[in-house]
Amino acid sequence: MDLSAVPLLALSNNSITLISTLLNPIRVLPGDNGLPRDWRGLAQIFELPGETMPLLYTHLNPSKYILEAIDNKTSLKALQDAFEAIERWDVFDDTEILFEKDVQVYNENLKRSQKTAEDVIANTDLEILTIEDQYRSEEGLQKQHYDAFILYADEDFDFAKEMIEKLEEQDLKVCTKDRDLIAGVSLESEVIMKLISERCNRLVVVISPNFLKSPVNKFFLEFAHAVGIDQRKRKLIACVYKDCDQLPESLSYTMNLYYNRRAYFDFWGKLCDSVRTSPLKKESRQGNREIKKTNDNYIAKEERIENNLAINSELSKSLRPPSKSHAILRSLTRKKEKKANNNESTSKETNNDEIDSGLCLPSVISDSISINLDTTNSPSDAANLLSLKHDKKKRFSPFKKLLRIKK
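Observations regarding the overall build of the protein chain
Then step 1. The helix and strand inventory of the protein chain stands at 18 helices and seven strands.
Then step 2. Here the protein chain holds 407 residues, and the buried ones make up 31% of them.
Then step 3. Once local pairs closer than 6 in sequence are excluded, the contacts in the protein chain between residues at least 24 apart make up 69%.
Then step 4. Summed over all atoms, the accessible surface of the protein chain reaches about 27800 Å², with 52% contributed by carbon and sulfur.

Below, the structure written as structure tokens:
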């Protein structure tokens, strides 16, 4: 083991005591090098000032004084070399095992010292009131909230322990002073008041004669009652564990649980239901999500129906049948058009009959075909056109027979 890198600071009290026991006695015969074979030789090797020598002669433990006066940067290897120089091999051999243990402890402490604690943030540290707050803070979570804070007298610890077990079996988060408060908090009463008012939904008090003997417990009882009125919450739950001569006045306005009447009802079940804020918390949240989803689907369906109604309304307006007045007007218009067509047909038939009789040959306009008989047109073309027109309108010549009779 290399002792040259280990300072004298690593020496334990056992090692210093052993060295002092072996070197404090004065040795008459010096060594071969002329150095005294006791603490005096040690003082000369480490070059202590000469004015300290008279002090060392009168000191109760001169060897310990010398080791404390030597610079801590001096290594254990140098101390062993000094033992060899004053020819104290017995000291070298007897301290060798102790030095090895001292070096091991020193290395462990040195390794442990490499890790340092983080600085405490004042405002954050004030919010850490319970052990669980500490763990949640390290994980970056919010401060812990509890279903109930259990307040009881020291004499009623066994009953309070049973109550805590019953509540936690029902998955309720419970806080107590002795188990959950973190050590080192100042003003314990102030911390409990903060937990009751801000971090705990209920305060369950175990009422007994021993509980009412404490003025502090009475104060917490009245404080919880006032907080419940201020926050409009059912804050205080009183469990009368043992009969009392007179209950506090604040408990006369609340419904209390009596342990001695547990034969008539389920005491622990009623206590758990009273502490629980929402008996079906998870199911209620799931139900709320399903209701919200149903409402969203219903709203979307209503919007689709409204859109379809609007589209149908527009289509019905565009396809609406004509009104009665519009139908009458349209019927008159059709009659006029029909009458005009009949007159035109009659006129055209009359003109055709006149052409056939050779009386006249006017211009004929029909079906977007214009026929003008003048000197510029050829006789054959005119005859062909008249023949086509005559064949087309032959069935509409009512005066043909009359013209023949005239001939």
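From this point on, the discussion continues.
Observations regarding the packing of helix 5 (residues 76-85) against helix 6 (residues 89-113)
Then step 1. Contact geometry for helix 5 and helix 6: axes closest at 9 Å, N-to-C directions at 170 degrees. One element, helix 5, and the other, helix 6, form an angle in the roughly antiparallel class. Where helix 5 abuts helix 6, its residues Leu 76, Leu 79, Gln 80, Phe 83 and Glu 84 lie against Trp 89, Val 91, Phe 92, Thr 95, Phe 99 and Val 103.

Topic: the environment of Thr 254
Then step 1. Mapped onto the secondary structure, Thr 254 falls in the loop between strand 4 (236-240) and strand 5 (257-258).
Then step 2. By relative accessible area, which is 27% here, Thr 254 ends up partly exposed.
Then step 3. Separated by 18 residues in the primary sequence, Thr 254 and Leu 236 place their C-alpha atoms 8.3 Å from one another.
Then step 4. A distance of 3.2 Å separates a polar atom in the side chain of Thr 254 from the backbone oxygen of Leu 251.
Then step 5. Among the polar contacts listed, one links the side chain of Thr 254 to the side chain of Asn 256, at a separation of 3.0 Å.

A short note on the sheet that holds strand 1 (residues 146-151)
Then step 1. If you trace the five strands from one edge of the open sheet to the other, you get 2-1-3-4-5, paired in parallel fashion. Each end of this open sheet is capped by a strand with a single partner; those strands are strand 2 (174-176) and strand 5.
Then step 2. Relative to strand 2, strand 1 is paired through three bridges, and the arrangement is parallel. Note on strand 2: the bridge partner recorded for Phe 149 is Cys 175.
Then step 3. Against the sheet, helix 11 (residues 188-199) touches strand 1, strand 2 and strand 3 (200-207), its axis set at about 125 degrees to strand 3.

A look at helix 14 (residues 267-275)
Then step 1. Among the nine residues that make up helix 14, seven are buried, leaving the element largely enclosed by the rest of the structure.
Then step 2. Of all the residues in helix 14, the buried ones are Phe 267, Trp 268, Gly 269, Leu 271, Cys 272, Ser 274 and Val 275.
Then step 3. Those residues of helix 14 that are buried are in contact with strand 1, helix 9 (157-169), strand 3, strand 4 and strand 5.

Rules used in this analysis
Every chain begins its residue count from 1, and numbering advances along the sequence as written. Residues qualify for local features only when their pLDDT is at least 70, as the model is predicted, and side-chain atom pairs are given and counted only at 80 or more; totals for whole chains, interfaces and linings, by contrast, use all residues. To get the side-chain values, take all heavy atoms of the structure and skip hydrogens and water. Helix and strand definitions follow DSSP, with helices as H or I runs of at least four residues and strands as E runs of at least two, each counted in order from the N terminus. Burial classes: relative accessible area under 20% of the type maximum marks a residue as buried, over 50% as exposed, and values in between as partly exposed (1.4 Å probe, protein chains only). Between two residues, a contact is recorded if the distance between any of their heavy atoms is within 4.5 Å. Per-residue accessibility takes into account occlusion by the displayed protein chains alone, with areas from the Shrake-Rupley method and a 1.4 Å probe. Note on geometry: axes are lines fitted to C-alpha atoms, helical ones only across the stretch in contact, with angles between N-to-C directions running from 0 to 180 degrees. Note on terminology: angles under 35 degrees are roughly parallel, angles over 145 are roughly antiparallel, angles of 65 to 115 are roughly perpendicular, and the others are oblique. Whenever a nitrogen or oxygen atom comes within 3.5 Å of another N or O atom, the pair is scored as a polar contact, on the condition that within protein one atom can donate a hydrogen and the other can accept it, and that pairs from neighbouring residues in sequence are kept only if both atoms are in side chains. Strands are treated as partners if at least two bridges between them are detected by DSSP.

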